[in-house]
Amino acid sequence: MLIKKINELREYIQPYKSDKETVGLVPTMGALHNGHLSLIKAAKEKCDRVVVSVFVNPIQFGPNEDYNKYPRTLDADYELCTKNGVDVVFSPSPAEMYGEGFILSNDNLTYVCPPFNYTDKLCGKSRIGHFDGVCTVVNKLFNIVQPDFAFFGEKDAQQLIIIKKMVKDLNIPIEIIGCPIVREESGLALSSRNKYLSDKGKKDALVLSKILQNIKQCYLKGITDIDALKETAFSLLNDNVELEYLEIYNSETLEQEEKANNNSRAFIACRVEGVRLIDNIKLGD
Ligand code: AMP
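Enquirer: Describe in detail the site of the ligand, supporting the description with residues and values.
Expert: In the region of the ligand, 17 residues are neighbours, and Met 29, Gly 153, Asp 156, Val 182 and Leu 190 sit closest. At a separation of 2.9 Å, a nitrogen atom of the ligand approaches a polar backbone atom of Val 182. Backbone polar atom of Leu 190 to a nitrogen atom of the ligand: 2.8 Å apart, as the coordinates give it. Relative to its free-state accessible area of 480 Å², the ligand is covered by the protein chains to the extent of 92%. Listing elements by their share of the shell around the ligand, those giving two or more residues are strand E2 (23-28), helix H2 (34-46) and strand E5 (149-153). Among the elements that take part in the shell around the ligand, H2 stands out by supplying three residues, more than any other. Looking at the shell around the ligand residue by residue, the classes come out as nine nonpolar, six polar and two charged.

Enquirer: Any details on the pairing of E2? Residues and values, ideally.
Expert: Among the six residues of E2, six are classified as buried, and the element is accordingly described as predominantly covered. Burial along E2 is two-sided: Val 23, Leu 25 and Pro 27 facing one way and Gly 24, Val 26 and Thr 28 facing the other are all buried. Of the pairings in the sheet, the one linking E2 to strand E3 (residues 49-54) comprises six bridges and is parallel in character. Among the inter-strand pairings, Gly 24 is bridged to a residue of E3, identified as Val 50. Traced from E2 through H2 to E3, the parallel crossover comes out right-handed.

Enquirer: Now, about the domain arrangement of the protein chain: what can you tell me, with residues and values included?
Expert: For the protein chain, the domain assignment lists domain 1 (2-179) and domain 2 (192-282). Taking the mean C-alpha position of each, domain 1 and domain 2 sit 26 Å from one another. Counting residues at the interface gives 22 residues for domain 1, matched by 17 residues for domain 2. Both faces combined, the contact of domain 1 with domain 2 buries some 1,800 Å², and carbon together with sulfur accounts for 55% of it.

Reading the values: rules and limits
- Residues numbered from 1 in each chain as written.
- Predicted model: local features only at pLDDT ≥ 70, side-chain atom pairs only at ≥ 80, totals over all residues.
- Heavy atoms only, no water.
- Near = heavy atom within 4 Å.
- Polar contact = N/O pair within 3.5 Å; in protein donor to acceptor, adjacent residues only side chain to side chain.
- Areas by Shrake-Rupley, 256 points an atom, 1.4 Å probe, with all protein chains shown as cover.
- Helix = DSSP H or I, 4+ residues; strand = E, 2+ residues; numbered from the N terminus.
- Nonpolar A, V, L, I, M, F, W, Y, C, P; charged D, E, K, R; others polar.
- Buried < 20%, exposed > 50% of the residue type's maximum accessible area, 1.4 Å probe, protein only.
- Pairing = 2+ DSSP bridges.
- Right-handed = clockwise from strand over helix to strand, strands pointing away.
- Domains from an automatic or database assignment.
- Contact = heavy atoms within 4.5 Å.
- Buried area = accessible area lost by both parts, 1.4 Å probe.

This is the structure in structure tokens:
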């Protein structure tokens, strides 16, 4: 079932809720791939009913980001969802979500803003306001769908951590389930933005997962000094890959720790062929 209107979604979902069926929500921006599919499968296993939202959220993109050219493949997304037992694909327009006037003005919206010490680093540092946009839309989706469980990928680890924090701080009665990163055999983390890369770009992009694997191996061999771990990346970088950040933080709080430990996570962002790619790895087994 494809639904584009909020009130229709509510009407459709209501009988499930009345019958006490559990509802799982998988929020996405579409251009679905096997990474998204792993979230859908996890939701199918845990919940009676599964809703996948497909919405390219304008308020989480900066003015110079790829909102307009972000891949939109709703027909294929809908087919994939139907094949995989999704009950509802919810794909509202920006006007449906934010009101008709939104396109002209976004200065009259109530935002949900996560704490500064979760957003002043990693992707939040270069993408000012990005996580305000994410938390606001995820809150709206939570209020519209009212799921029991919501599924997010560790691929966007900072996002997952921030959503968990938001749910805790705002007493939202939804359990957040984090799902592992799905990768190509080469190691490249699946991403809708990989579509922008040439074959050569995809090869160059392997540097991200190689750097992370290398850091993990060094950690497992006993190196815990954070600068020393980060320095292992430099021999792998080349002119085709522009490093935006490489950091090691606590997996749950994003705090800087004195030494790497089993709870640490290494985070990387690079530009390859102008495409911004992110990846991360937990250091402990
Ligand atoms: P997006 O459509 O990029 O906003 O992603 C929707 C959800 O899918 C987010 O929770 C992502 O973290 C998750 N996701 C994207 N790529 C992957 C991947 N390679 N492995 C696991 N989850 C992913």
